[in-house]
Amino acid sequence: MTTPSTPAATQRPIRLFRNKAAKIAAIPMILTALVVFMGGTIWTVVFSFTKSKLLPKANFIGLDQYERLWSSSKWMIAIENLVIFGLCSLVFSLVIGFVLAALLDQKIRFENTFRTIMLYPFALSFIVTGLVWQWILNPDFGIQNVVRSLGWESFSFDPLNNQEIVIYGILIAGLWQGTGLVMCLMLAGLRGIDEDIWKAARVDGIPAWKTYIFIVIPMMRPVFVTTLVIIASGIVRLYDLVVAQTSGGPGIASEVPAKYVYDAMFLSQNLGQGFAGSTMMLLAVLIVLIPWAYMEFGGRQRD
């Protein structure tokens, strides 16, 4: 004897009230996201079109703040530095992190020790990392002084005081801190590859480097996409390292957008200009997140 099927209309309320405790517990976070994050973002964008100075005022002036922003040499240098830092950080973090992960994936001895050592810098704050590398790159008692004490008197390495290469000195500190996290993400992806794939590649006589490039890396696409989003979000928010190492100097050679926004809002007391810079940074984040969301969720819906 078959029981009559439950109408869909009566099933929906039952599903709606499932896990009520979890839904109730999520209410504060939902309200925080909607009111604080979304509300604050909309408020910032709206007041970026005003002539706000020390205090926000609804004195709308159209796109004047954005015209002033993009005509500022300090902002253009900040954007150039962010592009250089971002591209180099993306490339070197992924390459170095993947190579280190591939080496650790060989079931070497003391793997846990090496993994902990490589991940340890990520546990430090950016301020601490910036100060440490400021000392290491200091010509009086850092790398330059050590090499010269070994007899190479003509050796010169002082990137933080050179306007042409100061951003690369900051990049070194950023790579030192962030590469360990990339390595761990890549190692987790490599450990998810079926061992039978490696056995089949060895039986077919495929070199290890071809196996990585043509088989393993395509299978790790979700890991690479997630890693790219994490790295990109950190690049846009670059601030602490610059303040700790150079404070934007020498001159304005190491300015970045986040520092420009902070200086405009709290030092120059020009909220409208700071809001305009913040809005442009938000746009940069959306440029990263929208393609990622489309690839991750749009593709699944098509499938």
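Located above this text is the structure these notes cover.
What counts and what doesn't
- Residues numbered from 1 in each chain as written.
- Predicted model: local features only at pLDDT ≥ 70, side-chain atom pairs only at ≥ 80, totals over all residues.
- Heavy atoms only, no water.
- Helix = DSSP H or I, 4+ residues; strand = E, 2+ residues; numbered from the N terminus.
- Buried < 20%, exposed > 50% of the residue type's maximum accessible area, 1.4 Å probe, protein only.
- Contact = heavy atoms within 4.5 Å.
- Axes fitted to C-alpha atoms, helices over the stretch in contact; angles between N-to-C directions.
- Parallel < 35°, antiparallel > 145°, perpendicular 65-115°, else oblique.
- Left-handed = near helix turned anticlockwise from the far one by under 90°.
- Nonpolar A, V, L, I, M, F, W, Y, C, P; charged D, E, K, R; others polar.
- Core = buried A, V, L, I, M, F, W, Y, C linked by side-chain atoms within 4.5 Å.
- Phe/Tyr/Trp six-rings, centres within 6.5 Å; stacked < 30°, edge-to-face > 60°.

The next subject is the side chain of Gln273. Mapped onto the elements of the fold, Gln273 is located in helix H14 (residues 271-302). With a relative accessible area of 4%, Gln273 lands in the buried category. In this structure Gln273 touches Gln65, Arg68, Leu69, Tyr260 and Ala264, once residues within four positions along its chain are discounted.

On to the packing of helix H4 (residues 73-104) against helix H8 (residues 166-191), then. In the contact formed by H4 and H8, the axes pass within 6 Å of each other and the chain directions differ by 40°. For the element pair H4 / H8, the angle class is oblique. For the pair H4 and H8, the crossing hand works out as right-handed. Classifying every residue of the contact of H4 with H8 gives 21 nonpolar, five polar and one charged.

Residues Phe85, Phe98, Met186, Leu190, Tyr212, Val216 and Met220 are the most contacted members of the largest nonpolar core, which totals 36 residues. At the level of elements, H4, H8, helix H10 (208-219), helix H11 (221-236) and helix H12 (240-245) are the ones that each hand at least two residues to this core. If we ignore the near neighbours within four places in the chain, the residues touching Phe98 are Ser93, Met186, Leu190, Tyr212, Ile217, Met220 and Phe224.

Before going further, it helps to examine the packing of aromatic side chains. Applying the stated criterion across every chain, the model contains 13 aromatic pairs. Between the aromatic rings of Trp43 and Phe275, the centroid separation amounts to 5.3 Å while the plane-to-plane angle is 75°, which identifies the pairing as edge-to-face. Of this pair, Trp43 sits in helix H2 (residues 20-47) while Phe275 is found in helix H14, placing the two residues 232 residues apart along the sequence. Taking relative accessible area as the criterion, Phe275 reaches 5% and is therefore assigned buried. Aromatic side chains Trp133 and Trp176 sit 6.1 Å apart centroid to centroid with 70° between the ring planes, which places their arrangement in the edge-to-face category.

All we've got here are geometric facts, nothing functional implied.
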